[in-house]
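What follows is each chain in one-letter form.
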Amino acid sequence: MNKVKKYRFDIIKYLFIAGLIVLAIVNFDRLKNIFSYLLTISMPIILGFIIAYVLNIPMVMLEKLYFPNSDSIVIKKTRRPVSILVSIIIITIVLIFILNLVIPQLISVFGRIIEIIPLLANGIQNRVIENEEIFPPLAEFVETFQIDWQNIVTNMISIANRFTTNIIETTLSTVGSVFSIVVNLFLSLMISLYVLMSKETLGRQFRILSETYLPERGHKGLMYVLEVTDYSFRHFITGEVLEALILGSLVTVGMWIFQFPYASMIGALTGVTALIPVLGAYISGAIGFIMIFVDSPIQALTFLVFIIVIQQLEGNLIYPRVVGGSIGLPGLWVLISITIGGGLLGIWGMLLAVPLVSTLFKLLKNDIEYRRNTRHQEQEYVDAVEDINETNELEGTT
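Residues numbered from 1 in each chain as written. Predicted model: local features only at pLDDT ≥ 70, side-chain atom pairs only at ≥ 80, totals over all residues. Heavy atoms only, no water.

A.B. asks: Could you give an account of the overall build of the protein chain, naming the residues involved and the relevant values?
C.D. replies: Scanning the protein chain from terminus to terminus reveals 12 helices and 0 strands. Order of helices (α) and strands (β) in the protein chain, N terminus to C terminus: α-α-α-α-α-α-α-α-α-α-α-α. Burial analysis of the protein chain (398 residues in total) assigns 25% to the buried set. Considering only residue pairs separated by 6 or more positions, the protein chain has 68% of its internal contacts joining residues 24 or more positions apart. (Helix = DSSP H or I, 4+ residues; strand = E, 2+ residues; numbered from the N terminus. Buried < 20%, exposed > 50% of the residue type's maximum accessible area, 1.4 Å probe, protein only. Contact = heavy atoms within 4.5 Å.)

A.B. asks: Which residues make up the nonpolar core, and what values do they have?
C.D. replies: With 22 residues, the main nonpolar core has Val 251, Met 255, Met 265, Ile 266, Ile 292, Phe 303 and Phe 306 as its most contacted residues. Every element with two or more residues in this core is listed here: α3 (73-130), α8 (216-257), α9 (263-273), α10 (280-295) and α11 (297-327). Not counting the four nearest positions on each side in its chain, Phe 303 is found in contact with Met 255, Phe 260, Ile 266, Gly 285, Gly 288, Phe 289 and Ile 292. (Core = buried A, V, L, I, M, F, W, Y, C linked by side-chain atoms within 4.5 Å.)

A.B. asks: Report on the UniProt feature "transmembrane region" (unreviewed entry) in the protein chain, specifying residues and quantitative values.
C.D. replies: Per the UniProt record, "transmembrane region" (unreviewed entry) is found at residues 12-28, 34-61, 82-103, 178-197, 241-262, 274-294, 301-319 and 331-364. Regarding residues 12-28, the helix share stands at 94% and the strand share at 0%, and the terminal C-alpha atoms are separated by 24 Å. (UniProt positions renumbered as here; feature names shortened; annotations may be inferred.)

A.B. asks: So, the pattern of salt bridges: which residues are in play, and what are the values?
C.D. replies: Close approach of charged atoms lets side chains of opposite charge pair. Following the criterion strictly, the structure yields 5 salt bridges and no others. Between Glu 200 and Arg 80 there is a salt bridge, with the nearest N and O atoms lying 2.8 Å from each other. Here Arg 80 lies in helix α3 and Glu 200 lies in helix α7 (residues 199-213), a separation of 120 residues in the sequence. With a shortest N-O distance of 3.1 Å, Asp 230 and Arg 234 are connected by a salt bridge. Of this pair, Asp 230 and Arg 234 both sit in helix α8, separated by 4 residues, roughly a single helical turn. The class of Asp 230 is partly exposed, set by a relative accessible area of 30%. When its relative accessible area of 31% is taken as the criterion, Arg 234 is described as partly exposed. In the salt-bridge network here, residues are joined through shared partners; they are Glu 63, Arg 80 and Glu 200. (Salt bridge = Lys/Arg side-chain N within 4 Å of Asp/Glu carboxyl O.)

A.B. asks: Would you mind going over the packing of α9 against α10 in detail, with residue names and values included?
C.D. replies: Where α9 meets α10, the closest approach of the two axes is 8 Å, and the angle between their N-to-C directions is 160 degrees. In this view, α9 runs roughly antiparallel relative to α10, as classed from their interaxial angle. Along this stretch, α9 crosses α10, giving a crossing that reads as right-handed. Contacts from Met 265, Ile 266, Leu 269, Thr 270 and Thr 273 of α9 reach α10 at Gly 280, Ile 283, Ser 284, Ile 287, Gly 288, Met 291 and Ile 292. (Axes fitted to C-alpha atoms, helices over the stretch in contact; angles between N-to-C directions. Parallel < 35°, antiparallel > 145°, perpendicular 65-115°, else oblique. Left-handed = near helix turned anticlockwise from the far one by under 90°.)

A.B. asks: Describe a nonpolar patch on the surface, and please don't skip the residues or the numbers.
C.D. replies: Taken together, Phe 35, Leu 39, Met 43, Ile 46, Ile 50, Val 54, Ile 91 and Leu 95 make up a surface patch of nonpolar side chains, about 660 Å² in accessible area. Contributions of two or more residues to the nonpolar patch are made by α2 (28-65) and α3. At 6 residues, the largest contribution of residues to the nonpolar patch is made by α2. Looking at the element boundaries, Val 54 is found in helix α2. With relative accessibility at 35%, the residue Val 54 sits in the partly exposed group. (Patch = residues over 30% accessible without salt bridge, like charges linked within 9 Å, V, L, I, M, F, W, Y side chains within 5 Å. Areas by Shrake-Rupley, 256 points an atom, 1.4 Å probe, with all protein chains shown as cover.)

A.B. asks: Lay out the packing of aromatic side chains in plain terms, naming residues and giving numbers.
C.D. replies: A full pass over the atoms with the stated rule returns 7 aromatic pairs. With centroids separated by 6.3 Å and ring planes inclined at 40 degrees, the aromatic side chains of Phe 303 and Phe 306 adopt a geometry described as tilted. Residue Phe 303 and its partner Phe 306 are both found in helix α11; the two are separated by 3 residues, about one turn of the helix. One exposure class covers both Phe 303 and Phe 306, and it is buried. Among the aromatic side chains, those forming a connected cluster through ring pairs are Phe 258, Phe 260, Phe 303 and Phe 306. (Phe/Tyr/Trp six-rings, centres within 6.5 Å; stacked < 30°, edge-to-face > 60°.)

A.B. asks: Describe the environment of Ile 336, listing the residues and the values that go with them.
C.D. replies: As for its position among the elements, Ile 336 is in helix α12 (residues 331-397). Sequence separation of Ile 336 and Val 354 is 18 residues, and the distance between their C-alpha atoms is 9.0 Å.

A.B. asks: Got a sec to walk through the confidence of the model for the protein chain? Specific residues and values, please.
C.D. replies: Chain-level statistics for the protein chain give a pLDDT mean of 76 and a share of 69% at 70 or above. Considering only residues more than four positions removed or in separate chains, one finds that residues 170-176, a stretch of pLDDT under 50, has 1 contact. (pLDDT = per-residue confidence, 0-100.)

A.B. asks: Go over the environment of Ser 358 with me, naming the residues and quoting the values.
C.D. replies: By the secondary structure assignment, Ser 358 is in helix α12. Judged by relative accessible area, which is 0%, Ser 358 ranks as buried. A C-alpha to C-alpha distance of 9.1 Å links Ser 358 and Ser 337, two positions 21 residues apart in sequence.

As structure tokens, this is what we get:
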């Protein structure tokens, strides 16, 4: 009778789950809107925890340096606030330095590109006409193909001015939205500071809730998954930052040695884009090539060879050792995770996919090793029992 009741209960349970799935599929658009609304409301909280997690990495390092052996009550009470403040100051200074180094030179270079495109096109046109005996049809086409570059440049400037005006008007008309963004960022920062100041208490409370409402196996499994996830994300962030620093420094020093223009700017840009796994170096290389090409096409080609060598060094030596080794993810899975993550969520997908896949890879690897070791131990036990039985049988016959 108990088996019949259990069988009926299982049938009802699976039918209920199937019904929920059908309802979710039928009302997918409505559920999507509800999820988007809830995500928008909780975004300051989510962003606050993300900021806290990132700030926690340098904060922990600074706490170890802030008079670690001191027994002073003042030192102990100020260790956490001072470490948080210094972490925020360091990150803010780095961001301001990079923006001031990159943005003005980018604006200057794009202005020069607009000026030099007509001159470059006219030079190519004159060179083709001068050597018309090499390919006469091309020379005839170039002679009849006339472009009013001055008019094109004027139109581009006019479009840029209208675009800027529209941005300003849109910004002024949406002051409420801008104010909302500022308020949400302020709330996120406050939440992150609260989380950092009381992270031990929050961690203990979460553990108590998990132990109380989950079975023992579920609690241990949850703690294990969170531990592996924290390990993957923490080592990914520190590895990415270290790799970006190394790569940016190599590009800057190399460009100074070979006397390329915009060495500091392209080096800083390379360090920033290197935070995008694998593809970051190609992005900075393309921008650097365009910038140097405006000054000297020959130097741009030399820079292209230089950046390809740096990229090979980064892809085969720096990234596998600094980042790949720290998260324990093979290079093939890094490329697959970046491709899928970028296709789903763009740049954010590229950034999040690698540590997420690293977490799943480590969990799967540990589970496989555990199952294989368990089966090996079980087989050893069975073999030992069989050996004992055979020994007893031999002793019995003798």
